[in-house]
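Take a look at the letters that make up each chain.
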Amino acid sequence: MANQDQKGKWLSSKEAMKHLKISGCELMHRRERGELKFEKRGRAYFYYIGVSNKTTLNF
């Protein structure tokens, strides 16, 4: 989270599932297929969700 980009946000697994409207299992499969940018910090995964012009993140 130290490298916070202006056009996106790092979300916890729970926040990413809510934002993407997917299950934990689907989140894991997308991570394993390389479809999501992620970082592992300790035992937790954080996902980078980019923001397009049409999408806003409100947390």
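No experiment lies behind these values; they were computed from the predicted model shown. (Residues numbered from 1 in each chain as written. Predicted model: local features only at pLDDT ≥ 70, side-chain atom pairs only at ≥ 80, totals over all residues. Heavy atoms only, no water.)

Observations regarding the overall build of the protein chain
Applicable threshold: Each helix corresponds to a stretch of at least 4 residues labelled H or I by DSSP, and each strand to a stretch of at least 2 residues labelled E; elements are numbered beginning at the N terminus. Only protein chains enter the accessibility calculation, which uses a 1.4 Å probe; a residue whose area is less than 20% of its type maximum is buried, one above 50% is exposed, and one in between is partly exposed. Contacts are residue-level and defined by heavy atoms, with any inter-residue pair within 4.5 Å sufficient.
Within the protein chain, the secondary structure is distributed over 2 helices and 3 strands. Helices and strands appear in the protein chain in the N-to-C order β-α-α-β-β. Counting the 59 residues in the protein chain, one finds 22% classified as buried. For the protein chain, restricting intrachain contacts to residue pairs at least 6 apart in sequence, the fraction spanning at least 24 positions comes to 58%.

A look at the pairing of strand β3 (residues 44-50)
To keep it simple, the criterion reads: Two strands pair under a simple rule: DSSP has to find at least two bridges between them.
Two elements, strand β1 (residues 8-12) and β3, share 5 bridges in a ladder whose sense is antiparallel. Each bridged residue has a counterpart across the sheet, and for W10 the counterpart in β3 is Y48. Count of turn residues in the strand β2 (residues 37-41)/β3 antiparallel hairpin: 2 residues, of which G42 carries a positive phi of about 65 degrees.

Keep in mind that these numbers describe shape and distance, not what the molecule does.
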